[in-house]
Amino acid sequence: MIIDPGHQAAPGVEEAIRKHRLKPVAVVLTHGHIDHVASVVPVCGAHDVPAWIHPEDRYMMSDPEKALGRSIGMPLMGELTVGEPDDVREMTDGATLELAGLELSVAHAPGHTKGSVTFALPEAADIPPVLFSGDLLFAGSIGRTDLPGGDMAEMLDSLARVCLPLDDSTVVLSGHGPQTTIGRERATNPYLRQVAAGLGSADAPRRGM
């Protein structure tokens, strides 16, 4: 499975597929911002696979300017082939996607966008549990909430509902920045510390990415 193929991702995806002799089965999207979906059309088209996205972010694949608060026609990462691939499938909160022998648990996590989701993989053998957090949780920070569809109160609620219950050993692979763990973020991330303390959006640090 391929997660969030963003701008100019297709060559790297193809290189990894050849190197490891892989057969793609699906593209799964944590949200609809252009830096996460810009290569969905070529990647899905090259391998005849579906793309999974939450219904509230689906419009962003064909209307990225609206998602970023831009006017139609403004330059956006150069020349991009925006639009939907031939096969788009919608997923909602609590869904389980069985892909490539893995079971991804989907959690709706609005705040960065209305249709943001995370994907969780359970612990297996000697591999710790994994959270693909998209732009919900970063190492030391969270996704920005000042773009259309963003909302700090929803972001904090998503952090409390999706991230706080996870085991400290859970590896967090986010949409931007280095790998981290829930335990590390629980101890050091000011936003996760805030929701753990039960504080509201009025107390949120004024920083985001």
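Calculation notes
Residues numbered from 1 in each chain as written. Predicted model: local features only at pLDDT ≥ 70, side-chain atom pairs only at ≥ 80, totals over all residues. Heavy atoms only, no water. Buried < 20%, exposed > 50% of the residue type's maximum accessible area, 1.4 Å probe, protein only. Helix = DSSP H or I, 4+ residues; strand = E, 2+ residues; numbered from the N terminus. Pairing = 2+ DSSP bridges. pLDDT = per-residue confidence, 0-100. Contact = heavy atoms within 4.5 Å. Arc of directions from axis to C-beta.

Our next topic: the pairing of strand β7 (residues 117-121). Within a regular strand, side chains alternate between the sheet's two faces. A large share of β7 lies buried, amounting to 4 of its 5 residues. Sheet topology note: the strand β6 (residues 102-108)/β7 ladder contains 4 bridges and is antiparallel. Bridged to Val106 within β7 is Phe119. In the sheet, β7 pairs with strand β8 (residues 130-134) via 3 bridges, with the strands oriented antiparallel. Along β8, the bridge assignment pairs Ala120 with Leu131.

Looking at the protein chain, the pLDDT average stands at 90 and 87% of residues meet or exceed 70. The model gives residues 71-75 a pLDDT under 50, and that stretch makes 6 contacts with residues more than four places away or in other chains.

One turn of an α-helix holds 3.6 residues; hence residues three or four places apart share an orientation. Looking at helix α3 (residues 40-47), one finds that the buried residues are Val40, Val43 and Cys44. The buried residues of α3 occupy an angular sector of 95° when the element is viewed end-on, so they sit on one face. Those residues of α3 that are exposed and aimed more than 90 degrees away from the buried face are Gly45 and Ala46. Where α3 is buried, its residues meet β1 (2-3), α1 (10-20), β2 (27-28), α2 (34-37) and β3 (51-53). Trailing α3 by a residue or two, Asp48 shows a phi angle of about 55°, which is positive.

Further remarks concern the sheet that holds strand β12 (residues 180-181). Read from one edge to the other, the open sheet built from 6 strands follows the order β5-β6-β7-β8-β11-β12, with strand pairing classed as mixed. Looking at the sheet topology across the chains shown, the edges are occupied by β5 (96-99) and β12.

On to the sheet that holds β2. Across the sheet, 4 strands lie side by side as β1-β2-β3-β4; this open sheet has parallel pairing. At either end of the open sheet lies a strand with only one pairing partner, and these are β1 and β4 (88-90). For β1 and β2, the ladder comprises 2 bridges, and the chain directions are parallel. What sits directly across from Ile2, in β2, is Val27.

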